[in-house]
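Each chain is listed here by its residues.
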Number of protein chains: 4
Amino acid sequence: MALSVEKTSSGREYKVKDLSQADFGRLELELAEVEMPGLMACRTEFGPSQPFKGARISGSLHMTIQTAVLIETLTALGAEVRWCSCNIFSTQDHAAAAIARDSAAVFAWKGETLEEYWWCTERCLDWGVGGGPDLIVDDGGDATLLIHEGVKAEEEFEKSGKVPDPESTDNPEFKIVLTIIRDGLKTDASKYRKMKERLVGVSEETTTGVKRLYQMQESGTLLFPAINVNDSVTKSKFDNLYGCRHSLPDGLMRATDVMIAGKVAVVCGYGDVGKGCAAALKQAGARVIVTEIDPICALQALMEGIQILTLEDVVSEADIFVTTTGNKDTIKPQTDRWVFPETKTGIIVLAEGRLMNLGCATGHPSFVMSCSFTNQVIAQLELWNEKASGKYEKKVYVLPKHLDEKVAALHLGKLGARLTKLTKSQSDYISIPIEGPYKPAAYRY
Amino acid sequence: MALSVEKTSSGREYKVKDLSQADFGRLELELAEVEMPGLMACRTEFGPSQPFKGARISGSLHMTIQTAVLIETLTALGAEVRWCSCNIFSTQDHAAAAIARDSAAVFAWKGETLEEYWWCTERCLDWGVGGGPDLIVDDGGDATLLIHEGVKAEEEFEKSGKVPDPESTDNPEFKIVLTIIRDGLKTDASKYRKMKERLVGVSEETTTGVKRLYQMQESGTLLFPAINVNDSVTKSKFDNLYGCRHSLPDGLMRATDVMIAGKVAVVCGYGDVGKGCAAALKQAGARVIVTEIDPICALQALMEGIQILTLEDVVSEADIFVTTTGNKDTIKPQTDRWVFPETKTGIIVLAEGRLMNLGCATGHPSFVMSCSFTNQVIAQLELWNEKASGKYEKKVYVLPKHLDEKVAALHLGKLGARLTKLTKSQSDYISIPIEGPYKPAAYRY
Amino acid sequence: MALSVEKTSSGREYKVKDLSQADFGRLELELAEVEMPGLMACRTEFGPSQPFKGARISGSLHMTIQTAVLIETLTALGAEVRWCSCNIFSTQDHAAAAIARDSAAVFAWKGETLEEYWWCTERCLDWGVGGGPDLIVDDGGDATLLIHEGVKAEEEFEKSGKVPDPESTDNPEFKIVLTIIRDGLKTDASKYRKMKERLVGVSEETTTGVKRLYQMQESGTLLFPAINVNDSVTKSKFDNLYGCRHSLPDGLMRATDVMIAGKVAVVCGYGDVGKGCAAALKQAGARVIVTEIDPICALQALMEGIQILTLEDVVSEADIFVTTTGNKDTIKPQTDRWVFPETKTGIIVLAEGRLMNLGCATGHPSFVMSCSFTNQVIAQLELWNEKASGKYEKKVYVLPKHLDEKVAALHLGKLGARLTKLTKSQSDYISIPIEGPYKPAAYRY
Amino acid sequence: MALSVEKTSSGREYKVKDLSQADFGRLELELAEVEMPGLMACRTEFGPSQPFKGARISGSLHMTIQTAVLIETLTALGAEVRWCSCNIFSTQDHAAAAIARDSAAVFAWKGETLEEYWWCTERCLDWGVGGGPDLIVDDGGDATLLIHEGVKAEEEFEKSGKVPDPESTDNPEFKIVLTIIRDGLKTDASKYRKMKERLVGVSEETTTGVKRLYQMQESGTLLFPAINVNDSVTKSKFDNLYGCRHSLPDGLMRATDVMIAGKVAVVCGYGDVGKGCAAALKQAGARVIVTEIDPICALQALMEGIQILTLEDVVSEADIFVTTTGNKDTIKPQTDRWVFPETKTGIIVLAEGRLMNLGCATGHPSFVMSCSFTNQVIAQLELWNEKASGKYEKKVYVLPKHLDEKVAALHLGKLGARLTKLTKSQSDYISIPIEGPYKPAAYRY
């Protein structure tokens, strides 16, 4: 590829759309900091002791303004950071510019080709002589995937001399991954293994990435410890329940001019995303109907006065459909637009099928992302602090309860909350430590 | 002024930004029709009998897509229509284009100068030989003002030979009005008096216009009957309570990235606008505090669990401020933006002072406007049908209760509602007519 | 009748069930005072100046604990008071005992016969030599009725010598009224006319009584000024909307063991009572359906996400029915209990037809009654203060807006509210007096 | 003790207050059945196959109307049942009478002495020759305790000849337990061991009992399998969240006359009980403030617009306090009544400290208990069906997810819900079995 890395005056590498957008990015970064109290509290609490001193962190996660605040929290704690986006469209170029100019090596722009995307991922992991990163922040698992595939190829090459064959797969993106690895083998046939040796662990942001990690754990192929940030209470409830409750009306109003009050709205699925969407629609004055396969979630909806019906029951009566299931065939694909048959009735479908989560996520406000990203910081700290203790094996872990609680605690000040502290006597009486954890691991919140 | 009227191939006059936007306007008009069931129901119910046959209607009201649906409802009922906007910025040019091409004489574009604005208003009232309109739809009272000032000037001119002196006023806009009238006197010294003679009445859309009308009624200078559409239940509740409840989160999210949940939001005033804003904020998870001068409204807020404090009590603690009072000094003007003192705390002020209503109104969805505009159609019909009966004197009237109820009824079908009908025996028992009105005039809803 | 008036050691007359319950009554009175801040604030504000000094007040209104706090507010302001109940079952005997012992002449007990009831009413109006009361507090209009019928009979008797004939009516209760008047004529043929002469006015508590008053006003037979307390905002909203919202779940749970969450609840009528009931049921997790004849109220329900259907549509599906209409035939009478046809489905009907209001009213908490009764005190003060000014003619009046606002204001302190005060400059700017009234008379709240 | 067992004409043993109340009990049982659809659905689904044929079930659980429906569900499935209450005050005598007469051996009455209580428990476990029950339904663990202590004593007696010494403990209730066991040893020194041998397992209803079971599991002393019903989603959410949301306003209104709307209510703790209480208070119009030690629960409250403060912050301002923590010192004990200092301000404390849960539980409607008790039936069925499979060891188990889901499913029909069924293709796509379980074990709902 004809791409070339650029360097700042201080010598830090980058490749972004337009470095001159850095000032605009900086302004928005400062606005976002106000709404990301968890990250700012991390800087205050941990900054002085520089816990990440000497740590190299590579991140593959949407290069947005919010992510920029995460990156600068990591650097404020002493880390050296390289970053790429985990999606070819999600980079905010002014955010990338500000970070590239001021804080970390960034390889990301809005509208990358797939080849460019993987080139960026490779750059993000490339710390020059001496191997790769100490820690990875991953979203969707592409950085993790590249290392695993790289190690596999190097071992096969050492054993049999065979190099990966891009033509062995029909998946156009995986072709590119294999090409990169094949080409790398020519230069350094132990690059990914050296990377693996150095790597302390990864913290993974999303469901997709987490699913991959559990599959690798199950098949015994996971090469380093992983922390599943996705299932922290302070991540999952915020991204799903509170985030979607916030973002849904916004999305609906921007997409259409429809008055929600008085309409019949169908929410397919009453998990956390569905609960958030249903709450938002109900509060805006819609009559909400839910479809569910799970009788427990159905019963929860009923307890909130929400009717449970099937899609067939409601399709002719409802005005708004929201699918939250990630499943297929919940609604026919051709209905993701206004329909004007002769009857002049219309249907609105928001974010067909599996995309609802993403549709919402893009719209998540900084405060929601602050919860997710503070989990990332805490997870990275945990991996780094325990790197020598043997606490974390080559398995997937959720954050221990007391760290999940810590993420919450870091967000309370901004909201003016004053927490109660147990007395010694009370703590003894109910057998709960003064400093937490306050709930058993299986607690449902 | 160097402006010149243009004509369609069928000979209808217009002056718009760009007639080629008519197709785009038509598309959005069709989308809006689905959400304006009251207007569409008027077409179905009254269209066949062509009640406005022979009627000339002049309208001065924001030339938007929703207004376009109103205009085409008036023409569908047989009226001939001329239109201008009541605000120099509020015209949607594609809406104006579609109407100019297909339905009515339009003189409006986004970004008029004040001179252009009053030229448009004059064109809108100018029906050529034979005087002015039979009916006026007014918003803010500018069309009504021009006629009243014109008549006054003509009478003075007839009596004393004096013409209006634009230099007699400091108000730059009123200078223009006087200039137009002065120049008109040279051509036709009885134009406005002929207009007055023909005019059956005006229906007025907003508080400002209504206030002017009541002042003229009080001072005995009102020249024709006026219907106050603004205070219909189906207008005021929708524009204020339901409209703002719908529009506030939208406006807040577009303006800022702030997460509403968990924040302290102060709503200044708990009238209908305040009630709508407070409901929206509360439902989005904010802790709402209200400031009020009226103890009854304050008690209503308390009954909803909302704290009543003064601005001084909360200014240091709150995150979001919404002023709904139309009063001055509720919040200092310089706070209508994020404030970043050294403490890094921020304040958001939505739509300073008197603009909240307008800010919301712009964002009102079509369904809300359908309620307002169906009141306009019903009011115009009432004036026209009663033109010879003497029912309406030169006074200001609110729509009779049964017509207000009719507006509501026309919106029920779209929402799938099935109304109950009194039996004869029930009607007798509670002394309420089967066809309404169902409530006394002073009923508070 | 064999009833005889008793006297306290201080010589005050009474007839109650059991004076020894006075201590228990006093205890509950003290508890109620905490929840009746409006009445207590009246004592604080007006007590020192003794505005009712010299005034005789007769009251006919449920002799409950809350009414006892009203009575003692009137006496604390200087009035001399006589009281009876306006319903044969509604007296709380311990309340009557406490008042009889400590504060006022009381003639009331739970379970009066109709004869006893009217004997009590007569005693309540009987101030011995020198005629009747100066002021009447009436609930349902029975005290007012007795005087009007008495005056009519005396005038007829004077003119024609005819006395009322109890056999002239089929109404058993009216037979008793005529008997009392007939018997009275023998002793003093101008008793009621002397009463009328002295009487300054009446303040009426309820819809029924108010309706009678307006009928008398219309027919020109009203003998003295009347203030309609029923339609004060602070009375009607509290008795209907907030009162029923509070009392409904209570009544439903006491009457049945039904879980409200998950059930389908039908509310017949969406006026203030219906709005309160629907809100309570919705918030408890029911799916609420409303039946309505009024399209405006129907549209309001729709805007809250509530479905509008007819009774026929829902009768087979719904679990709970609440009728708020005061009309007949809304639901068949035999359904006011659980029904167990072979299908084992059940129906709950709360308070058949017109009784819903009363059913709720009985359960109203003291705070609600404090609002109603503070209106009574303010109305009585207004009548008394204006007795010589001619402000009030023989007509029916609602309380002027600023007094309605005052009632609200007197309840704010207890709820910790801090009202905002207009500055002089703000007051001028929006043309609203600093001390109110803050809204026009027709304002809908 | 001078108590003697009585027998019905069919020879079934019982000891209740008054068998003549059986008809009244039967009537209320029939009413309750309508609100306990889960249990009735069990009868319909499992009754025909008589799965409990040959099974002896002993139950120690509040002998109420709802429990009576549980008992008759067990007998309808073929079980033979003996029952006692798990609390000396909680028996409803008419429920006990109906069951004793018609369905099962009952030993329970309201107001037992502690001696009588344990005599009843002994009777409940005493199935005559051939040992004890096959299954136990336990609430609080007293039946389980008696067997464990009995076995321990028998083993010690066999080893050393020593008998339990009631004087060895200060706990007056445990003295009684030891006395019963000591006296039993004289008659049959292997009674409890024979019981243990026969016993298939226990299903435990509450936190307290579950806690004891986990302690025994940990110390290795648990003698038979146990199913923890308490932590089923369909049990815990209903008993805590939905049950308390329903019961709190009821309890508050019965206890006091306070208007909730407008008051400041403090809820100590925002777990499921606190969430239910806060929701109920908020919806009734209170301004709710929460105190919390757990930052995650605190953040959840904030996301609902609820302020987080400490008790010290609010004690002077709040009107209502609800403690849900089970902890001590949350509020001083002397405040569980109205307080009337000279300021005339009052405090209401509902159910001091640890009793809130119980206070609420007593008031739980039948529908809530239907969820709990259907878990019991399903748990008993699971134990009985798997008695020979070795699936359950001497450990504590929660119900497998698919059975928890089944409990929910059995309640949907009554509420008119129509569940969606996955197609084969959808099931494959998202890797979720068509018949469930639909969620991973750790899912938080």
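About the cut-offs
- Residues numbered from 1 in each chain as written.
- Chains lettered and ligands numbered in written order.
- Predicted model: local features only at pLDDT ≥ 70, side-chain atom pairs only at ≥ 80, totals over all residues.
- Heavy atoms only, no water.
- Contact = heavy atoms within 4.5 Å.
- Buried area = accessible area lost by both parts, 1.4 Å probe.
- Salt bridge = Lys/Arg side-chain N within 4 Å of Asp/Glu carboxyl O.
- Polar contact = N/O pair within 3.5 Å; in protein donor to acceptor, adjacent residues only side chain to side chain.
- Disulfide = S-S within 2.5 Å.
- Buried < 20%, exposed > 50% of the residue type's maximum accessible area, 1.4 Å probe, protein only.
- Helix = DSSP H or I, 4+ residues; strand = E, 2+ residues; numbered from the N terminus.
- Pairing = 2+ DSSP bridges.
- Right-handed = clockwise from strand over helix to strand, strands pointing away.
- Phe/Tyr/Trp six-rings, centres within 6.5 Å; stacked < 30°, edge-to-face > 60°.
- Least-squares fit on C-alpha atoms with pLDDT ≥ 70 in both.
- UniProt positions renumbered as here; feature names shortened; annotations may be inferred.
- Core = buried A, V, L, I, M, F, W, Y, C linked by side-chain atoms within 4.5 Å.

### A word on the interface of chain B and chain C
Phase 1 of the analysis: With 59 residues of chain B in contact, the opposing surface of chain C contributes 58 residues.
Phase 2 of the analysis: Between chain B and chain C lies a buried interface of about 5,700 Å² when both sides are counted; carbon and sulfur atoms form 58% of it.
Phase 3 of the analysis: The largest per-residue losses of area from chain B upon contact with chain C belong to Ile293(B), Ile296(B) and Arg444(B), which jointly make up 14% of the total buried on that side.
Phase 4 of the analysis: There are 6 salt bridges connecting chain B and chain C.
Phase 5 of the analysis: Run the count over chain B and chain C and you get 18 residue pairs in polar contact (both at pLDDT 80 or more).

### A word on the state of the cysteines
Residues and elements named next belong to chain C.
Phase 1 of the analysis: Tallied over the entire structure, the rule returns 0 disulfides over all chains.
Phase 2 of the analysis: Free cysteine: Cys 120, not disulfide-bonded; nearest cysteine sulfur from Cys 84 at 6.8 Å.
Phase 3 of the analysis: You can call Cys 120 buried: its relative accessible area is 1%.

### Things to note about the pairing of strand 7 (residues 201–204) of chain B
All names here are of chain B.
Phase 1 of the analysis: Neither face of strand 7 is left uncovered, since the one carrying Gly 201 and Ser 203 and the one carrying Val 202 and Glu 204 both have all their residues buried.
Phase 2 of the analysis: With 4 bridges joining them, strand 6 (residues 135–138) and strand 7 adopt parallel strand pairing. Among the inter-strand pairings, Val 137 is bridged to a residue of strand 7, identified as Ser 203.
Phase 3 of the analysis: As a crossover connection, the stretch from strand 7 through helix 9 (residues 207–219) into strand 8 (residues 226–228) is right-handed.

### Some points on the sheet that holds strand 14 (residues 396–398) of chain A
All names here are of chain A.
Phase 1 of the analysis: Spatially, 9 strands are ordered 1-2-5-4-3-6-7-8-14 in an open sheet, and the strand pairing comes out mixed. Across the chains shown, the open sheet's two edge strands, defined by having one partner strand only, are strand 1 (6–7) and strand 14.
Phase 2 of the analysis: With 2 bridges connecting them, strand 1 and strand 2 (residues 13–15) associate as antiparallel partners. Bridge pairing in strand 2 links Glu 6 to Tyr 14.

### What to know about the pairing of strand 6 (residues 135–138) of chain C
Residues and elements named next belong to chain C.
Phase 1 of the analysis: Because side chains alternate across strand 6, one face comprises the buried residues Leu 135 and Val 137, and the other comprises Ile 136 and Asp 138, equally buried.
Phase 2 of the analysis: Sheet analysis places strand 3 (residues 56–60) next to strand 6, joined by 4 bridges and oriented parallel. Opposite Ser 58, over in strand 6, you have Ile 136 as the bridge partner.

### Considering the sheet that holds strand 5 (residues 105–107) of chain C
Adjacent strands of a sheet pair through backbone hydrogen bonds, lying either parallel or antiparallel.
Phase 1 of the analysis: One open sheet accounts for 9 strands, arranged 1-2-5-4-3-6-7-8-14 (chain C); its pairing is mixed. Either end of the sheet is taken by a strand with one partner, and the two such strands are strand 1 (6–7) and strand 14 (396–398) of chain C.

### Concerning the side chain of Glu35(B)
Phase 1 of the analysis: Its place among the elements puts Glu35(B) in the loop between helix 1 (22–34) and helix 2 (37–46).
Phase 2 of the analysis: At 3.1 Å, the side chain of Glu35(B) and the backbone nitrogen of Met259(A) are in polar contact.
Phase 3 of the analysis: Other than its neighbours up to four places away in sequence, Glu35(B) contacts Asp257(A), Val258(A), Met259(A), Lys263(A), Ser366(B), Phe367(B), Ser370(B) and Lys414(B).

### Some words on the packing of aromatic side chains
Residue and element names in this part refer to chain D.
Phase 1 of the analysis: Applying the stated criterion to the full structure yields 24 aromatic pairs over all chains.
Phase 2 of the analysis: With a centroid separation of 6.3 Å and an interplanar angle of 45°, the aromatic rings of Phe 238 and Phe 367 are classed as tilted. Of this pair, Phe 238 sits in helix 10 (residues 233–255) while Phe 367 sits in helix 15 (residues 366–385), and the two are 129 residues apart along the sequence.
Phase 3 of the analysis: Looking at Phe 238, the relative accessible area reads 3%, which means it is buried.

### Regarding the relation of the copies chain D and chain B
Phase 1 of the analysis: Take chain D, turn it by 180°, move it 0.0 Å along the axis, and it overlays chain B with an RMSD of 0.0 Å. As the rotation angle and translation indicate, the two copies are arranged about a two-fold axis. For chain D, the residue whose C-alpha comes nearest the rotation axis is Arg287(D), separated from it by 4.8 Å.
Phase 2 of the analysis: Counting the interface residues of chain D, we find that 100% of their copies in chain B are interface residues as well, pointing to one common contact surface.

### Looking at the UniProt feature "binding site: substrate" (unreviewed entry) in chain A
Residue and element names in this part refer to chain A.
Phase 1 of the analysis: Residues given the UniProt feature "binding site: substrate" (unreviewed entry) here are Thr 64, Asp 139, Glu 205, Lys 235 and Asp 239.
Phase 2 of the analysis: A residue is classified by how much of its surface remains accessible, and Asp 139, at 10% relative accessible area, is buried.
Phase 3 of the analysis: Beyond its immediate chain neighbours, meaning those up to four positions away, Asp 139 contacts Ser 60, Leu 61, His 62, Cys 86, Glu 204, Glu 205 and Thr 206.
Phase 4 of the analysis: By the element assignment, Lys 235 lies in helix 10 (residues 233–255).
Phase 5 of the analysis: On the basis of relative accessible area, Lys 235 is assigned to the buried category, the value being 3%.
Phase 6 of the analysis: In this structure Lys 235 touches Glu 205, Val 229, Asn 230, Ser 372 and Asn 375, once residues within four positions along its chain are discounted.

### With respect to the nonpolar core
Phase 1 of the analysis: In this structure, Phe52(B), Met63(B), Leu74(B), Trp83(B), Leu281(C) and Met303(C) are the most contacted members of the largest nonpolar core, which totals 94 residues.
Phase 2 of the analysis: If you tally residues by element for this core, the top one is helix 15 (residues 366–385) of chain B, at 11 residues.
Phase 3 of the analysis: If near-sequence neighbours (up to four positions away) are discounted, Phe52(B) is found in contact with Ile57(B), Leu74(B), Leu77(B), Gly78(B), Ala79(B), Leu135(B), Val377(B), Gln380(B), Leu381(B) and Trp384(B).

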